[in-house]
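Working through the structure, step by step
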Amino acid sequence: MAARRTTTKTTARTAATEQSEAPEATATTTATAPVLKYTLDKDAYPPERAHATDAGLDIRNPERARVAPAKGSAVFHTGIHIQIPHGYAGLFVSKSGLNVKFDITSTGLVDEGYTGELVVKLYNSGFNGKIIEKGDKITQLVLIPALYAQPVQADSLESGERGENGFGSTGK
C-alpha cells in the first residue's frame, strides 16, 4: 500500500514568523509563569495537572471515603498547604465530570496571604449521594491575576448601557 503524501504550502513570511516568534513565546511563557509553593500532610496528594496546558491543578481527596449527601454538602481537608504567589489568587473550580455526571460543584477563593491547608466544600445539588474515594479528584485550583482595587464611596454612579437592569433583563 502506498503511503499518503501531504504537501503544505507555506509563504516565506509565515515560515519566518513561525521561526522567529515560536521560541520567544515559549521562553516568555516559561519565564513569567508564577511558582506555587506547597507542603503536604501525610497521605496528601500533590496538586497536579493531567496535561501540561490544563489551567487548573487537580486537588485530590486524601481520606479513605467521604459522602456528599443528596441536596447537601461536605467539607474535605486536602492536606495541601500552599503559598499563592504575589499578585494572584487561587480559585476553586468544579471538576466537569463531578458537575455533569453527579451534580457536584465547588467554588472558593484563596487569597495571596493564606498559607494554611486547602479546605474544599463540595455541594451536591442532585438527588443521589456520592461516595468520594481516597485519591479522587474533587476540585481544581486555578491561579488568577488579582487586581487590588480600592473601594471608594461615591455620591453617584455613571449610568452605563445596562443601567440597573439585571436578573434576566436581556431576555431568554
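Up top is the structure these notes are about.
An account of the accompanying structure is given in this report. (Residues numbered from 1 in each chain as written. Predicted model: local features only at pLDDT ≥ 70, side-chain atom pairs only at ≥ 80, totals over all residues. Heavy atoms only, no water.)

**Let's talk about the packing of aromatic side chains**
Taken as a whole and assessed by the stated rule, the structure comprises 0 aromatic pairs. Over the ring of Phe127 we find Lys71; its NZ or CZ atom is 4.3 Å from the centre of that ring. In this structure, Lys130 is placed above the aromatic ring of Phe102, and the distance from its NZ or CZ to the ring centre is 4.2 Å. (Phe/Tyr/Trp six-rings, centres within 6.5 Å; stacked < 30°, edge-to-face > 60°. Lys NZ or Arg CZ within 6 Å of the ring centre and 35° of its normal.)

**Quick notes on the sheet that holds strand E2 (residues 57-60)**
As summarised here, the arrangement of the 7 strands in space is E1-E4-E7-E6-E5-E9-E2, forming an open sheet in which the pairing is antiparallel. Of all the strands in the sheet, the pair left with one neighbour each is strand E1 (37-40) and E2. Going across the sheet, the axis of each strand differs from the next one's by a mean of 35°, ignoring polarity. Note that strand E5 (residues 88-93) and strand E9 (residues 137-145) share 6 bridges and pair antiparallel. (Pairing = 2+ DSSP bridges. Helix = DSSP H or I, 4+ residues; strand = E, 2+ residues; numbered from the N terminus. Axes fitted to C-alpha atoms, helices over the stretch in contact; angles between N-to-C directions.)

**Regarding the nonpolar core**
Of all hydrophobic cores here, the largest spans 19 residues; its most connected members are Ile82, Val110, Leu118, Leu122 and Leu141. For this core, the elements supplying multiple residues, two or more each, are E2, strand E4 (73-83), strand E6 (104-110), strand E7 (117-124) and E9. Of all the elements, E4 adds the most residues to this core, at 4 residues. In contact with Val110, not counting residues within four places along its chain, are Ile82, Ile84, Ala89, Gly90, Phe92, Leu118 and Leu141. (Core = buried A, V, L, I, M, F, W, Y, C linked by side-chain atoms within 4.5 Å. Buried < 20%, exposed > 50% of the residue type's maximum accessible area, 1.4 Å probe, protein only. Contact = heavy atoms within 4.5 Å.)

**Here's the deal with the pairing of E9**
Here E2 pairs with E9 via 4 bridges, running antiparallel. Each residue of the ladder has a partner; that of Asp58, found in E9, is Gln140.

**A closer look at the pattern of salt bridges**
This structure, assessed with the given rule, holds 3 salt bridges. The residue Asp58 makes a salt bridge to Lys95 at a minimum N-O spacing of 2.7 Å. With Asp58 in strand E2 and Lys95 in the loop between E5 and helix H2 (96-102), this residue pair connects regions lying 37 residues apart in the sequence. Judged by its relative accessible area of 4%, Asp58 is buried. The structure contains a network of salt bridges with shared partners spanning Asp58, Lys95 and Lys137. (Salt bridge = Lys/Arg side-chain N within 4 Å of Asp/Glu carboxyl O.)

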